[in-house]
Amino acid sequence: YGFYHHMATVQGQLERAPNVRPFVLTRSFFAGSHRHGAVWTGDNMAKWSHLARSVPMLVSLCMCGLSFSGADVPGFFYDPEPELFNRWHQLGIWYPFYRGHAHLETKRREPWMLGDETTAMIREQVS
């Protein structure tokens, strides 16, 4: 199901705008889905154990041919402590697909919301 849904979404976007390369992100995928776009590991939690699990999950996906993959930085559910926030962004820059993403009920997570030190550290890591 995931493969065909992903494929149909890409085809629909190509029919709507044939001269624009579509970007489709999914967490529902199957063998061959790498041909259609990026995948992410699904909704994780702002916990150290989920940070640790993200690396073997992404390595496994990459070894299976799904190289454009990533995890929600710094966790989708719950509010990360400042140290976890910083460390996850430091790791996240090495994910093939890196993005900050969070649930609507969590606190805002833009780096500048955590202060100048955090903003500077993340700016240095990303650039």
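Details of the structure are given in the entry above.
Residues numbered from 1 in each chain as written. Predicted model: local features only at pLDDT ≥ 70, side-chain atom pairs only at ≥ 80, totals over all residues. Heavy atoms only, no water.

Student: When you look at helix α4 (residues 116-126) in this model, what are you seeing that I'm missing?
Tutor: Two residues of an α-helix separated by three or four positions point the same way, owing to the 3.6 residues in each turn. Of the residues making up α4, those classed as buried are Thr118, Thr119, Met121 and Ile122. Angularly, the buried residues of α4 cover 165 degrees about the axis, an arc narrow enough to put them on a single face. For α4, the exposed residues lying more than 90 degrees away from the buried face are Asp116, Glu117, Arg123 and Glu124. As for α4, its buried residues are in contact with α3 (82-92). (Buried < 20%, exposed > 50% of the residue type's maximum accessible area, 1.4 Å probe, protein only. Helix = DSSP H or I, 4+ residues; strand = E, 2+ residues; numbered from the N terminus. Arc of directions from axis to C-beta. Contact = heavy atoms within 4.5 Å.)

Student: Would you explain the sheet that holds strand β2 (residues 38-40) in this entry?
Tutor: Strand pairing in a sheet takes place through backbone hydrogen bonds and is either antiparallel or parallel in direction. Strand order in the open sheet formed by 3 strands is β1-β2-β3, with parallel pairing between adjacent strands. Both outer strands of the open sheet, β1 (25-26) and β3 (69-70), are each paired with one neighbouring strand and no more. Here β2 pairs with β3 via 2 bridges, running parallel. Bridge pairing in β3 places tryptophan 40 opposite glycine 70. (Pairing = 2+ DSSP bridges.)

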